[in-house]
Amino acid sequence: MNLRRTKAVARKEFLHILRDPRSLYMALATPLLLLLLFGYALSLDVDQVPTVIYDLDKSSESRELVQRFRGSTYFRIVSVAETPAEIDRAIDRSQALVGLAISPGFGGDLKAGREATVQLLLDGSDSNTANIALGYAQALVTLYGAEVRALARDRFGAPAIKGVDARIRVIFNSDLKSRNYIVPGLIAVILMIIAAILTSLCIAREWENGTMEQLLSTPLRPVELLLGKLAAYFTIGMVDMVIAIITGVFLFEVPLRGSVLLLMATSAIFCFGALCWGIMLSAATRNQLIAYQLSMISSFLPAFLLSGFIYSIDNMPRVIQAITYLVPARYFVTILKGIFLKGVGWEILWLEILAMTLYGIAVFTLAMRRMRQKVA
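Residues numbered from 1 in each chain as written. Predicted model: local features only at pLDDT ≥ 70, side-chain atom pairs only at ≥ 80, totals over all residues. Heavy atoms only, no water.

A. Spotlight on the overall build of the protein chain. Looking only at helices and strands, the protein chain has 14 helices and four strands in total. Counting every atom, the protein chain has about 19,900 Å² of accessible surface; 60% of that belongs to carbon and sulfur. (Helix = DSSP H or I, 4+ residues; strand = E, 2+ residues; numbered from the N terminus. Areas by Shrake-Rupley, 256 points an atom, 1.4 Å probe, with all protein chains shown as cover.)

This is how it looks when you write it as structure tokens:
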């Protein structure tokens, strides 16, 4: 391999990118736009759930329960119903997600130590939000009922029953902000998409423009052509990574507790594998449109759905869990969350780093073999 020829290919590719505003825009602006769009629009936090109240008891206890819902950050009272039909109408029109109906005698049952009932009606069309809202509502009602019964026991001189004092400490993401969980995963997904798309066009473009024959007529070897093109896009990929990290830390305020050096080193390994995948697709198809479509399907969908970025891998079927081991974004998402939120080092993440390294070597070998087949 001749280093001088490799540098010449890298310089040629850099000049092509700089002289093509569309390629430069795709390389630098698109990752930032995607990060801003998904970072602000995608949220797993459930709060301010629109709630409608139907109070049949009209007691001080029922009014206090309604006030608890009103003062909670998880619920937002949108209306007070006078009939059960008004609750159904509010849910049917998507004006409310939760309906709280307080039965007659609620306050008296609470003070007498009897079982007091309330009815919770939820819009199950959004099952995830409904389940979370149900958990919040049940916890709020249960806690309030326990407080009222304890107060009644104290008032009548009965001995209070001591319960369990649960003192909760949330480690790593103490504010439980979904943005701290989403943004590191977004960086992995976006870098995978951009890297694969950029390089998926480079070899196919040479064939379509008729310049590949000119390159093949030179002493340039396939490995030199491959490494030269990789060098140009690798530099752009790392610039994108720096932009994404700065945006995540300073704009979205995601804590970066781990080593920046380890973060950049693992990003380089992941970027190399993603670029090699794009080049392999480009060399295999010789058509920019087909290469672009294949890169989108094979990079975006697996990275978004099978990396653990949004959906927990442990909850997937066994067959799908096995397939996720072939998705490099799975390992990079784990690394990013470990470095950003937990501050762990290579001694914890070495297995994911090794898996990404092996993936990069395997894809580079396949890309090299495909290049040699096309040249032959």
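Structure shown, so let's carry the discussion forward.
B. Structural view of the nonpolar core. Leu35, Ile187, Met241, Phe332, Leu336 and Phe340 are the most contacted members of the largest nonpolar core, which has 71 residues in total. Every element with two or more residues in this core is listed here: helix H1 (3–18), helix H2 (21–41), helix H7 (178–209), helix H9 (222–251), helix H10 (260–285), helix H11 (288–305), helix H13 (328–342) and helix H14 (346–375). (Core = buried A, V, L, I, M, F, W, Y, C linked by side-chain atoms within 4.5 Å. Buried < 20%, exposed > 50% of the residue type's maximum accessible area, 1.4 Å probe, protein only.)

C. Seen up close, a nonpolar patch on the surface. Together, Trp346, Trp350, Leu351, Leu354, Leu358 and Ile361 line one region of the surface with nonpolar side chains, adding up to about 680 Å² of accessible area. Assessed through its relative accessible area of 49%, Ile361 is described here as partly exposed. (Patch = residues over 30% accessible without salt bridge, like charges linked within 9 Å, V, L, I, M, F, W, Y side chains within 5 Å. Salt bridge = Lys/Arg side-chain N within 4 Å of Asp/Glu carboxyl O.)

D. Seen up close, the packing of H7 against H11. Two elements in contact, H7 and H11, have axes whose closest approach is 8 Å; the angle formed by their N-to-C orientations is 165 degrees. If you check the angle between H7 and H11, you find them roughly antiparallel. Considering how the two elements wind past one another, H7 and H11 form a crossing that is right-handed. Contacts between H7 and H11 pair Val189, Met192, Ile193, Ala196, Ile197, Ser200, Leu201, Ala204, Arg205 and Glu208 from the former with Gln288, Ala291, Tyr292, Ser295, Met296, Ser299, Phe300, Ala303 and Phe304 from the latter. Residues that form the contact of H7 with H11 fall into these classes: 13 nonpolar, four polar and two charged. (Axes fitted to C-alpha atoms, helices over the stretch in contact; angles between N-to-C directions. Parallel < 35°, antiparallel > 145°, perpendicular 65-115°, else oblique. Left-handed = near helix turned anticlockwise from the far one by under 90°. Contact = heavy atoms within 4.5 Å. Nonpolar A, V, L, I, M, F, W, Y, C, P; charged D, E, K, R; others polar.)

E. Structural detail: empty space enclosed by the protein. Going through the model one piece at a time under the given rule, you end up with two cavities of 30 Å³ or more. Each pocket or cavity is described by its volume, and for the largest cavity that value is around 60 Å³. What lines the largest cavity is Pro31, Leu35, Ile187, Ile190, Leu191, Asp240, Met241 and Ala244. The set of elements that each furnish at least two residues to the lining of the largest cavity consists of H2, H7 and H9. (1 Å grid on protein atoms, 1.4 Å probe; cavity = no way out; pocket = protein on both sides within 12 Å on 5 of 7 lines; lining within 4 Å. Points joined across faces, edges and corners; volume = space filled by probe spheres on them.)

F. How the structure looks around H13. The end-to-end C-alpha distance of H13 is 21 Å, a good match for the 21 Å that 15 residues give at a rise of 1.5 Å each. Among the 15 residues in H13, 13 count as buried, and that is most of the element. Looking one or two residues beyond H13, the residue adopting positive phi is Gly343, at roughly 70 degrees. (Expected span 1.5 Å × (residues − 1).)

G. Representation of unusual backbone geometry in the model. Here the phi dihedral of Ser94 falls at roughly 60 degrees; this positive angle occurs in a residue that is not glycine. Taking relative accessible area as the criterion, Ser94 reaches 59% and is therefore assigned exposed. The phi torsion at Glu253 lies on the positive side, around 60 degrees, for a residue other than glycine. Checked against the element boundaries, Glu253 lands in the loop between H9 and H10.

H. Summary view of H2. Helix length check: H2 (21 residues) gives 28 Å between terminal C-alpha atoms against 30 Å at 1.5 Å per residue, within 8%. Where H2 bends most, at Ala29, the angle is about 40 degrees, and the proline Pro31 comes one to four residues later. Ser23, Ala27, Thr30, Pro31, Leu35 and Gly39 are the residues of H2 that are buried. Among the structural elements, H7 and H9 are those in contact with the buried residues of H2. (Bend = angle between axes of the 7 residues up to and from the residue.)

I. Region of the structure containing the pattern of salt bridges. Overall, the coordinates contain four salt bridges when judged by the stated rule. The partner of Arg5 in a salt bridge is Glu224, and the shortest N-O contact between them spans 2.8 Å. In this pair, Arg5 sits in helix H1 while Glu224 sits in helix H9, placing the two residues 219 residues apart along the sequence. By relative accessible area, which is 0% here, Glu224 ends up buried. The salt bridge involving Glu64 is made with Arg68; its shortest N-O contact spans 3.1 Å. With Glu64 and Arg68 both in helix H3 (residues 60–71), this residue pair falls four residues apart, about one helical turn. Beyond isolated ion pairs, a larger network of salt bridges with shared partners links Lys12, Glu13 and Lys229.

J. View of the sheet that holds strand S3 (residues 98–102). In space, the four strands of this open sheet follow the order S2-S1-S3-S4, with mixed pairing throughout. The two strands at the open ends of the sheet, each matched to only one other strand, are strand S2 (75–80) and strand S4 (118–122). Strand-to-strand, the axes of this sheet are offset by a mean angle of 25 degrees, without reference to chain direction. Sheet analysis places S3 next to S4, joined by five bridges and oriented antiparallel. (Pairing = 2+ DSSP bridges.)

K. Highlighting the packing of aromatic side chains. Scanning the entire structure with this criterion turns up seven aromatic pairs. When the centroid spacing of 6.2 Å and the interplanar angle of 50 degrees are considered together, the rings of Phe38 and Phe304 count as tilted. Pair noted here: Phe38 is in helix H2 and Phe304 is in helix H11, with a separation of 266 residues, a long-range link. A relative accessible area of 17% places Phe304 in the buried class. Centre to centre, the rings of Phe69 and Phe75 are 4.9 Å apart; their planes meet at 55 degrees, and the pair counts as tilted. There is no split in this pair, since Phe69 and Phe75 are both buried. (Phe/Tyr/Trp six-rings, centres within 6.5 Å; stacked < 30°, edge-to-face > 60°.)

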